[in-house]
Amino acid sequence: LPCLLFYSTSMATELELNQLISELARIPGERERRKFLLRNRALHDRNAVNLLYDESARLARVDVQEADRLAESLAWIAGETKDEHCKAQALRAAGHVSLVRGKYADALRCYREALTLFRRLGTEVEIGRTLYGGSLQALIYLGEYDQAFAWAEEAREIFQRAGDRLRLARL
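This one's a predicted model, so the numbers in the text were calculated from it and none came from an experiment. (Residues numbered from 1 in each chain as written. Predicted model: local features only at pLDDT ≥ 70, side-chain atom pairs only at ≥ 80, totals over all residues. Heavy atoms only, no water.)

Looking at the overall build of the protein
For the protein, the helix and strand inventory stands at 10 helices and 0 strands. Its helices and strands in sequence order give the protein the pattern α-α-α-α-α-α-α-α-α-α, from N to C terminus. Rg of the C-alpha trace for the protein: 16 Å, near the compact-globule value of 16 Å for 171 residues, within the 12% margin. Relative to its full complement of 171 residues, the protein shows a buried share of 47%. Taking contacts inside the protein between residues at least 6 apart in sequence as the whole, the part at least 24 apart equals 63%. In the form shown here, the protein has an accessible surface area of approximately 9,100 Å², with 51% of it arising from carbon and sulfur atoms. Separation of charge centres in the protein, based on 26 positive and 25 negative side chains, amounts to 2 Å. (Helix = DSSP H or I, 4+ residues; strand = E, 2+ residues; numbered from the N terminus. Rg over C-alpha atoms; globule rule 2.2 N^0.38 Å. Buried < 20%, exposed > 50% of the residue type's maximum accessible area, 1.4 Å probe, protein only. Contact = heavy atoms within 4.5 Å. Areas by Shrake-Rupley, 256 points an atom, 1.4 Å probe, with all protein chains shown as cover. Lys, Arg positive; Asp, Glu negative; His and termini not counted. Charge placed at Lys NZ, Arg CZ, Asp CG, Glu CD.)

As for the packing of aromatic side chains
The full count for this structure, using the stated rule, is 2 aromatic pairs. Taken together, a centroid distance of 5.3 Å and an interplanar angle of 85° make the contact between tyrosine 132 and phenylalanine 159 edge-to-face. Separated by 27 residues along the polypeptide, tyrosine 132 in the loop between helix 7 (124-131) and helix 8 (134-141) and phenylalanine 159 in helix 9 (residues 145-162) bring together distant segments of the chain. You'll find tyrosine 132 and phenylalanine 159 in the same group, each marked buried. In this arrangement the basic side chain of arginine 92 is found over the ring face of tyrosine 53, its NZ or CZ atom lying 4.5 Å from the centre. (Phe/Tyr/Trp six-rings, centres within 6.5 Å; stacked < 30°, edge-to-face > 60°. Lys NZ or Arg CZ within 6 Å of the ring centre and 35° of its normal.)

Looking at the pattern of salt bridges
Applying the stated criterion across every chain yields a total of 15 salt bridges. Across the pair glutamate 144 and arginine 112 runs a salt bridge, and its minimum N-O distance is 3.0 Å. One end of the pair, glutamate 144, is in the loop between helix 8 and helix 9; the other, arginine 112, is in helix 6 (residues 104-121), and 32 residues separate them in sequence. A relative accessible area of 29% means that glutamate 144 is categorised as partly exposed. Here arginine 112 falls in the partly exposed class, since its relative accessible area comes to 33%. Ionic pairing is found between arginine 167 and aspartate 164, a salt bridge with its closest N-O pair at 2.8 Å. (Salt bridge = Lys/Arg side-chain N within 4 Å of Asp/Glu carboxyl O.)

Comments concerning a nonpolar patch on the surface
Residues Ile140, Tyr145 and Phe149 make up a contiguous nonpolar surface patch of about 360 Å² in total accessible area. Looking at where phenylalanine 149 falls in the secondary structure, it is placed in helix 9. (Patch = residues over 30% accessible without salt bridge, like charges linked within 9 Å, V, L, I, M, F, W, Y side chains within 5 Å.)

Considerations on the state of the cysteines
Scanning the entire structure with this criterion turns up 0 disulfides. The thiol sulfur of cysteine 110 is not disulfide-bonded, and the nearest other cysteine sulfur, from cysteine 86, lies at 14 Å. (Disulfide = S-S within 2.5 Å.)

A few points about helix 7
Within helix 7, 6 of the 8 residues are buried, which leaves the element mostly enclosed by the surrounding structure. When helix 7 is considered as a whole, its buried residues turn out to be Glu126, Ile127, Gly128, Arg129, Thr130 and Leu131. On its buried side, helix 7 packs onto helix 3 (46-59), helix 5 (84-100), helix 6, helix 8, helix 9 and helix 10 (165-170). A positive backbone phi angle near 80° is found at glycine 133, which sits one or two residues after helix 7.

Right under this line is the structure:
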């Protein structure tokens, strides 16, 4: 199982992981970020990957360079661990960065690839999260309205089944 390649974060608390993520986001050079990731294996854990994604998504609206650094770090971790969940998170984060930069076709490509991986993994809530938000914006900016309505409807059904009232309200 790919997730067995991940290192345990049992030694690192969520606060410590968030501090590492914040430091990682500020490292400008790719080589330095990779060295940092090699030294801080706690960031290779599934929980840490999800925290990295969440912070990248948050930063996309605040500091796109830092968001991009985290998205690139996610892609590197995915390559190292060969974990499809991590790869999907990396693609979705890259989609957010591309969207903010006005590269809508690139963003949509990333979202579609992430969606394919989440569908293969069968992670329904992640499928719903990928179908709404940035991906809908990219579809609308590209004039793909029918696809946007179809994705919104599928996301609505997923969030209803999951009882996710917050995402339903946002959608």
